[in-house]
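These are the residues of each chain, in order.
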Amino acid sequence: MDKNQDMQNIAVVTGASSGIGAATARRLAGEGFHVVVAARRADRLDALVKEIGPNATAVECDVTSDDSVAALAAAVAALGAPVTLLVNNAGGARGVDPVATGSVDDWQWMYDVNVLGTLRVTKALLPALEASGRGTIVTVGSTAAFTPYEGGGGYVAAKHAETALVGTLRLELCGKPVRVIEVDPGMVRTDEFALNRFGGDQDRADSVYAGVREPLVADDIADCIAWAATRPQHVNVDRLVVRPVAQAAQHKVHREQ
Ligand code: 8X3
């Protein structure tokens, strides 16, 4: 942590090694936070910290591991500054099988990383967020959190569960100094989301965005997260649903030839 600003507020961002997480970390550092960037890929985190500078700390973390998340909480506590923001961004999709042939392994992984990962990290950092007296939790959901689509079953189910977790948490924290915010992106073109879903098949990943003029990019969602998290503390933006103009609804996407 920058010794000249040793009581800077800490923001923890999970899934920070790429895409929305990395963009959010850059943006929050620009907003004056000391950003703890957490993800599995240490090399990418190190590059990000080098880019951001003294306002960032890398912590290798796998949100599917209780021990790893406990180590993240300990590393954050060791920084010795108020923890005022958690961005639960780690998540992802695997596979596009119909329910009839859905892979139990893929579904389990999606539940673990999207839902239980959010649970683990939230539980681990909630005491510090509450102790700060002005905590905020932003969870990155998806438009899949409220609209099913064919082939999306495992991801849709996980994102529905994640939004249920968020809504429950907001009720349970009513009266405590922690805001609970959800940002639900629609079509966002990142390097990895669709690629991971299609098992590394770049052509299939690219086809998701074919003909779509200006899909959202990671910076657009980082902008929304930063905006919601920097409203005055009495303002709780419960849920932001964000899509590109070309996507009026999950199935209503304008594609140019
Ligand atoms: C990403 C949006 O449409 O692929 O969370 O489910 S979608």
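For the structure, see preceding data.
Numbers given to residues run from 1 along each chain, matching the order in which its sequence is written. At least 70 in pLDDT is required for a residue's local features to be given in this predicted model, at least 80 for side-chain atom pairs to be given and counted, and no such filter applies to totals for whole chains, interfaces and linings, which use all residues. Water and hydrogen atoms play no part in the side-chain values, which are based on all heavy atoms of the structure.

What am I meant to see in the nonpolar core here?
In globular proteins that are soluble, nonpolar side chains generally tend to be buried together. If you look at the biggest cluster of nonpolar residues, it comprises 37 residues, and the most contacted ones within it are Leu28 and Val183. Looking at this core, the element that brings in the most residues is helix α8 (residues 218–229), giving 8 residues. Note on contacts: a residue pair is in contact if any heavy atoms of the two residues lie within 4.5 Å. Contacts of Val183, omitting those with residues within four sequence positions, involve Val138, Thr139, Val140, Gly141, Ser142, Ile221, Cys224, Ile225, Leu240 and Val242. If you look at the next biggest cluster of nonpolar residues, it comprises 35 residues, including Val12, Val59, Val63 and Ala144. Within this scheme, the nonpolar core is defined by two criteria: the residues are buried Ala, Val, Leu, Ile, Met, Phe, Trp, Tyr or Cys, and they are joined through side-chain atoms within 4.5 Å. To sort residues, take the accessible area from a 1.4 Å probe on protein chains only and compare it with the maximum for the residue type: under 20% means buried, over 50% means exposed, and anything in between is partly exposed. Numbering goes from the N terminus for both helices and strands, where a helix is a DSSP run of H or I of at least four residues and a strand is a run of E of at least two.

What is the right way to look at the site of the ligand in this model?
Surrounding the ligand, one finds Ser142, Ala144, Tyr149, Tyr155, Gly186, Phe193, Arg197 and Gln250. What qualifies as a polar contact is a pair of N or O atoms within 3.5 Å, subject to a donor-acceptor requirement within protein and to the restriction that residues adjacent in sequence count only when both atoms come from side chains. Gln250 is positioned with one of its side-chain polar atoms (N or O) 2.7 Å from an oxygen atom of the ligand. Considered on its own, the ligand offers 240 Å² of accessible surface; in the complex 83% of this is hidden by protein. Nearness of a residue to a molecule or strand requires only that one of the residue's heavy atoms be within 4 Å of it. Here the accessible surface of atoms and residues is derived via Shrake-Rupley with a 1.4 Å probe, and residues count as covered only by protein chains that are part of the display.

Would you take a moment to explain the pairing of strand β5 (residues 135–140) for this structure?
Residues in a regular strand point their side chains to alternate faces of the sheet. Burial runs high along β5: 6 of the 6 residues are buried. Alternating residues of β5 divide into Gly135, Ile137 and Thr139 and Thr136, Val138 and Val140, and every residue in both groups is buried. Here 4 bridges tie strand β4 (residues 83–88) to β5, and the two strands are oriented parallel to one another. Across the sheet, the residue bridging to Val87 is Val138, located in β5. In this description, strands pair whenever DSSP reports at least two bridges between them.

Is there a simple way to explain the packing of aromatic side chains in this structure?
Given two aromatic rings, their pairing is described by the distance between the two centres and the angle made by the two planes. Aromatic rings from Phe, Tyr and Trp, taking only the six-membered ring of Trp, are treated as a pair when their centres fall within 6.5 Å; an angle between ring planes under 30 degrees marks them as stacked, one over 60 as edge-to-face, and anything in between as tilted. Evaluated as defined, the whole model comprises 1 aromatic pair. Charge-over-ring contacts are defined here by two conditions on Lys NZ or Arg CZ: a distance within 6 Å of the ring centre and an angle within 35 degrees of the ring normal. Its guanidinium or amino end placed over the ring of Trp109, Arg94 lies 4.0 Å from that ring's centre, counting from NZ or CZ.

What's the story with the packing of helix α1 (residues 19–30) against helix α2 (residues 42–52) in this structure? I'm lost.
Two numbers describe a pair of packed helices, the interaxial angle and the distance between the axes. Interhelical geometry of α1 versus α2 gives an angle of 25 degrees and a closest axis separation of 11 Å. One finds that α1 runs roughly parallel with respect to α2. Remark: the crossing between α1 and α2 carries right-handed chirality. For the pair α1 and α2, contact is made by Ala22, Ala25, Arg26 and Ala29 and by Leu48, Glu51 and Ile52, respectively. When the residues that make up the contact of α1 with α2 are grouped by side-chain class, the tally is 5 nonpolar, no polar and 2 charged. Helix axes are fitted to C-alpha atoms over the stretch in contact, other axes to C-alpha atoms as well, and angles between N-to-C directions run from 0 to 180 degrees. Angles are sorted into four bins: roughly parallel if under 35 degrees, roughly antiparallel if over 145, roughly perpendicular if 65 to 115, and oblique for all others. It is the rotation of the near helix from the far one that decides the hand of a crossing: anticlockwise by less than a right angle makes it left-handed, clockwise makes it right-handed. Gly is placed with the polar residues, together with every amino acid not listed as nonpolar (Ala, Val, Leu, Ile, Met, Phe, Trp, Tyr, Cys and Pro) or charged (Asp, Glu, Lys and Arg).

Teacher, can you tell me more about helix α4 (residues 104–131) here?
Because each turn of an α-helix spans 3.6 residues, side chains separated by three or four positions end up pointing in the same direction. Helix span, expected: 1.5 Å multiplied by one less than the number of residues in the helix. Between the first and last C-alpha of α4 there are 39 Å, a value that for 28 residues agrees with the 40 Å anticipated at 1.5 Å per step. One axis is fitted to the seven residues ending at the residue and one to the seven starting there. The bend at that residue is the angle between these axes. Leu125 marks the point of greatest bend in α4, at about 45 degrees, and the proline Pro127 comes within the next four residues. After α4 finishes, the residue Gly133 shows a positive phi value of roughly 80 degrees.

Before we go on, may I ask you to explain the pattern of salt bridges in this structure?
A side chain of one charge can pair with a side chain of the opposite charge when the charged atoms of the two come close. A carboxyl oxygen of Asp or Glu within 4 Å of a side-chain nitrogen of Lys or Arg is what we treat as a salt bridge. Summed over all chains, the structure comprises 13 salt bridges. In this structure, the salt-bridge partner of Arg27 is Asp223, at a minimum N-O distance of 2.6 Å. Here Asp223 lies in helix α8 and Arg27 lies in helix α1, a separation of 196 residues in the sequence. We classify Asp223 as partly exposed; its relative accessible area is 38%. Connected through salt bridges with shared partners, the residues Arg27, Glu31 and Asp223 form a single ionic network.

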